Amino acid sequence: MGRLYKFIDEFGFYIFILFSTFVISILGSFIPFKVDLKPYYTRLVMLEQILEDKVAHFPSPDLISRPVWYLFAFIFVIIFLSAVVIFLYLIFNFLSRKRVMAGSNFRPCPLWNMKDFFKIFIWILFWIEVISVFQDFMGMVFVYNFRTYLINSLCGSLMVDLLTIFLLIYWLRRHYHQKITAVGISLSSTVQDFKRAVFYYLGFLPVLFLLIYAGIFIAHRIQKPSPPQPLFYFLLFENDRLILTLVIIFVVIIGPIAEELFFRGLFYNALKKSIGVSQAMLVSSILFAVLHMNIFGFLPIFGLALLFVFMYERTASLKVPIFLHMLHNGFLVAMIVFVRIFIQS
């Protein structure tokens, strides 16, 4: 009986929050969804047809005549050659059992455990549901067109990421009286950490391309349309420079910081205390890929997650996976911008 009282005393409030989340979700399901998503799928079909036509006639005289084409081609060749060289260098050192990077004597030491993870996760779920229902309610009150709906979704994602960052920092300071340095974030060695991120991201690119190809192969085999991706839509079709700038800041800066703090800083550090380093690396990477809710991108996202957590464990600096994450998202943004120029030529 004493254990039950102790459990209720520690988790009773969070069980109530979880139950409230469930109730809010049920209430939200009764709000009518008035936004027609057909324009999204229609534009995607048109985009696919345009891309197929462009590839069939590639390179077109109009595209070659544009200076930006030469800039993109030059940058891509430099990145590709650098990636191949670094990849072969890493493989050679791995086979010869040479260490490319020395480990760190510092170890991340956040005091939170799996109980704290579930408590914070419940809070995040609660606020995600509150924001989602609020957005649905606003869509019921006001007449949303498709673009307004996507802007609304983007603002909701931004609020969730900022809330996650705030909750994690608050939890460290409020419950354990620790600073953010406990998870491996400090101003020291920032330049070195960025150089490491660039080096290892380039070295991982050949593996990433193979994983992306495997994901595309699976997508063609399943032949299932992907869910709406507001970020891709904005980067491909949006003309408002302010919105485009906000999208890029969200994708390249805020998103990576929030996700790395949650998955590597919180979840991985808590999990490895329970099941060990190797198992925690695998489980946290699988969860990272699953929660992105993209079956076609599961393999490349899983591979990237393994790279992020390996570099975090190796360097003991959360800045390295954050920089890696930023580099990857920035690379994707650059590729989407290239596709945009390509289809507009």
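Structure shown above.
Everything numeric in this text was worked out from a predicted model, so none of it was measured.

(A) The packing of aromatic side chains, seen in detail. For the structure on display, the rule yields 21 aromatic pairs. A ring pair is formed by Phe-166 and Tyr-170, whose centres lie 5.9 Å apart and whose planes are at 20°; its orientation type is stacked. With Phe-166 and Tyr-170 both in helix α6 (residues 146-176), this residue pair falls four residues apart, about one helical turn. Assessed through its relative accessible area of 53%, Phe-166 is described here as exposed. Note on Phe-194 and Phe-323: the rings are 5.4 Å apart at their centroids and 90° apart in plane angle, and the pair reads as edge-to-face. Here the residue Phe-194 occupies a position in helix α7 (residues 190-222), and Phe-323 occupies one in helix α12 (residues 319-344), the gap between them amounting to 129 residues. Judged by relative accessible area, Phe-194 falls into the partly exposed class, the value being 38%. Looking at Phe-323, the relative accessible area reads 16%, which means it is buried.

(B) Focus on helix α10 (residues 277-291). A rise of 1.5 Å per residue sets the reference length of α10, with its 15 residues, at 21 Å; its end C-alpha atoms lie 21 Å apart and thus fit the reference within 8%. Among the residues of α10, those classed as buried are Ala-280, Met-281, Ser-284, Ser-285, Phe-288 and Ala-289. Projected down its long axis, α10 carries its buried residues within an arc of 155°, all on one side.

(C) Local environment of unusual backbone geometry. Even without being glycine, His-177 reaches a positive phi, approximately 55°. Tracing the sequence through the fold places His-177 in the loop between α6 and α7. The exposed category is assigned to His-177, whose relative accessible area is 71%. Of note in this structure, Ala-316 is not a glycine but carries a positive phi near 60°. Mapped onto the secondary structure, Ala-316 falls in the loop between α11 (298-315) and α12.

(D) Representation of a nonpolar patch on the surface. A contiguous nonpolar patch, built from Phe-76, Val-77, Phe-80, Leu-81, Val-84, Leu-88, Phe-209, Ile-212 and Ile-216 and spanning about 760 Å² of accessible area, is present on the exposed surface. Taken together, the elements giving at least two residues each to the nonpolar patch come down to α4 (67-95) and α7. By residue number, the principal contributor to the nonpolar patch is α4, which donates six residues. Position of Ile-216 among the secondary structure elements: in helix α7.

(E) Summary view of the side chain of Asn-269. The topology assignment puts Asn-269 in helix α9 (residues 241-275). Its relative accessible area of 2% is what places Asn-269 among the buried residues. Within polar-contact distance, the side chain of Asn-269 engages the side chain of Tyr-312 at 2.9 Å. Beyond its immediate stretch of four places on either side in the chain, Asn-269 contacts Pro-108, Pro-110, Trp-112, Arg-264 and Tyr-312.

(F) Local environment of the environment of Arg-340. Mapping Arg-340 onto the fold places it in helix α12. Given the relative accessible area of 12%, Arg-340 is considered buried. Remark: the alpha-carbon pair of Arg-340 and Phe-237, spanning 103 residues in sequence, is separated by 7.8 Å. Leave out the neighbours within four places in its chain, and Arg-340 touches Phe-234, Leu-235, Leu-236, Phe-237, Glu-238, Asn-239 and Leu-244.

(G) Local environment of the side chain of Ser-284. Counting through the fold element by element, Ser-284 comes out in helix α10. Residue Ser-284 is classed as buried on the basis of its relative accessible area, which comes to 0%. Beyond its immediate sequence surroundings of up to four residues, Ser-284 is in contact with Phe-263, Phe-267, Tyr-268, Leu-271 and Val-309.

What counts, and at which threshold
- Per chain, residue numbering runs from 1 following the sequence as it is written.
- Only residues with pLDDT of at least 70 are given local features in this predicted model, and only at 80 or more are side-chain atom pairs given and counted; all residues enter the totals for whole chains, interfaces and linings.
- To obtain the side-chain values, all non-hydrogen atoms of the structure were used and water was disregarded.
- Ring geometry is summarised as follows: Phe, Tyr and Trp rings, the Trp one being its six-membered ring, pair when their centres sit within 6.5 Å, and such pairs are stacked at plane angles under 30 degrees, edge-to-face over 60 and tilted between the two.
- Numbering of helices and strands runs from the N terminus, with a helix taken as a DSSP run of H or I at least four residues long and a strand as a DSSP run of E at least two residues long.
- The cut-offs for exposure are 20% and 50% of the maximum accessible area for each residue type, with area from a 1.4 Å probe on protein chains only; residues under the lower value are buried, those over the upper are exposed, and the others partly exposed.
- By this rule, a helix spans an expected 1.5 Å times one less than how many residues it contains.
- Working note: the arc is built from the helix axis to C-beta atom directions.
- Only residues whose relative accessible area exceeds 30% and that form no salt bridge are eligible for patches; like-charged ones are grouped when within 9 Å, while nonpolar side chains (Val, Leu, Ile, Met, Phe, Trp, Tyr) are grouped when within 5 Å.
- Residue exposure ignores everything except the shown protein chains as possible cover, and the areas themselves are Shrake-Rupley values with a 1.4 Å probe.
- Here a salt bridge means any side-chain nitrogen of Lys or Arg lying within 4 Å of a carboxyl oxygen belonging to Asp or Glu.
- We define a polar contact as two N or O atoms separated by no more than 3.5 Å, with the added condition that, inside protein, one atom must be a possible hydrogen donor and the other a possible acceptor, whereas residues neighbouring each other in sequence contribute only through side-chain atom pairs.
- Residue contacts follow a heavy-atom distance rule, with two residues in contact if any of their heavy atoms lie within 4.5 Å.

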